[in-house]
Amino acid sequence: MGRTADYTNERCSIAATLEVVGDPWTLLILRDAFAGVKRFEQWQERLGVARNVLASRLKSLVAHGVMEAQRYSERPPRQEYVLTPKGLDLSPLLLTMAEWGDQHVYGIGKGPVHFVHKTCGCDFHPRLACEACGEVIDRRDLRRVVHETSQTVGEALEAVKIPAE
């Protein structure tokens, strides 16, 4: 994908995530997909990314099952890209990244976009909570457990590889 990092021999979920969505253009494509962008030309216009780079990133997202290409025109043949359930699961990651940028780059309350919780109408700031008990957690509340027999990133990605059409 035009980058030099190779995480395939790592045994790390963060490295696995980076292998799929770690390219900066990929994250901006996903940001725009969550904002409703579905078509190649829309991304190209919004991002100003080279067409070959955009095509490569979209192809990779489809190959990893993060997006799905859907034909919307036969003549000329055109497709749009929609987030799959796997892609939709990236929402908390992007919201957390946006929050970090607001706090540590722009400054609190000075970011270019903010989110409002529809139910209560208040500004939204993501927090992590334990799925089992619901307690909001801090990193100091966690204990790291390493599974020595886990697969490498490359092995794990190969095991979930989506067959080419």
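Residues numbered from 1 in each chain as written. Predicted model: local features only at pLDDT ≥ 70, side-chain atom pairs only at ≥ 80, totals over all residues. Heavy atoms only, no water.

Enquirer: Sorry if this is basic, but what is going on with the overall build of the chain here?
Expert: Helix and strand counts for the chain come out as 7 helices and 2 strands. Listed by position from the N terminus, the elements making up the chain come as α-α-α-α-β-β-α-α-α. By its C-alpha atoms, the chain is 55 × 45 × 30 Å across when sized along the principal axes. For the chain, with 165 residues in total, the buried portion stands at 24%. Intrachain contacts of the chain at a sequence separation of at least 6 include 45% that bridge at least 24 residues. On the chain, roughly 12300 Å² of surface is accessible, and the fraction owed to carbon and sulfur atoms is 54%. Put simply, the chain has 21 plus and 22 minus side-chain charges, and the middle of one group is 4 Å from the middle of the other. (Helix = DSSP H or I, 4+ residues; strand = E, 2+ residues; numbered from the N terminus. Buried < 20%, exposed > 50% of the residue type's maximum accessible area, 1.4 Å probe, protein only. Contact = heavy atoms within 4.5 Å. Areas by Shrake-Rupley, 256 points an atom, 1.4 Å probe, with all protein chains shown as cover. Lys, Arg positive; Asp, Glu negative; His and termini not counted. Charge placed at Lys NZ, Arg CZ, Asp CG, Glu CD.)

Enquirer: Just checking my understanding: could you explain unusual backbone geometry for this structure?
Expert: Across residues other than glycine, the phi torsion is negative in most instances, and most of the peptide bonds are trans. Between R75 and the following residue, P76, the backbone shows a cis peptide bond with an omega angle of -5°. Relative to the elements of secondary structure, P76 occurs in the loop between β1 (67-73) and β2 (78-83).

Enquirer: Quick question: what am I supposed to make of helix α6 (residues 91-106) here?
Expert: Taking 1.5 Å per residue as the helical rise, α6 with its 16 residues ought to reach 22 Å, and the 21 Å between its terminal C-alpha atoms agrees with that figure. Taken together, the buried positions of α6 are occupied by L94, E99, G101 and D102. Take α6 and look down its axis: the buried residues cluster within an arc of 155°, on one side only. Among the exposed residues of α6, those oriented more than 90 degrees off its buried face are W100 and H104. On its buried face, α6 sits against α2 (24-34). A positive backbone phi angle near 105° is found at G107, which sits one or two residues after α6. (Expected span 1.5 Å × (residues − 1). Arc of directions from axis to C-beta.)

Enquirer: Quick question: what am I supposed to make of the pattern of salt bridges here?
Expert: Pairs may arise between side chains of opposite charge once their charged atoms sit close together. Taken as a whole and assessed by the stated rule, the structure comprises 7 salt bridges. Taking the shortest distance from any N to any O, the salt bridge between D32 and R46 comes out at 3.3 Å. Within this pair, whereas D32 is found in helix α2, its partner R46 is found in helix α3 (residues 40-47), the two being separated by 14 residues in sequence. In this structure, the salt-bridge partner of R71 is E74, at a minimum N-O distance of 3.6 Å. What makes R71 partly exposed here is its relative accessible area of 49%. Judged by relative accessible area, E74 falls into the exposed class, the value being 58%. Shared partners join several salt bridges into a network, and the residues in it are R31, D32 and R46. (Salt bridge = Lys/Arg side-chain N within 4 Å of Asp/Glu carboxyl O.)

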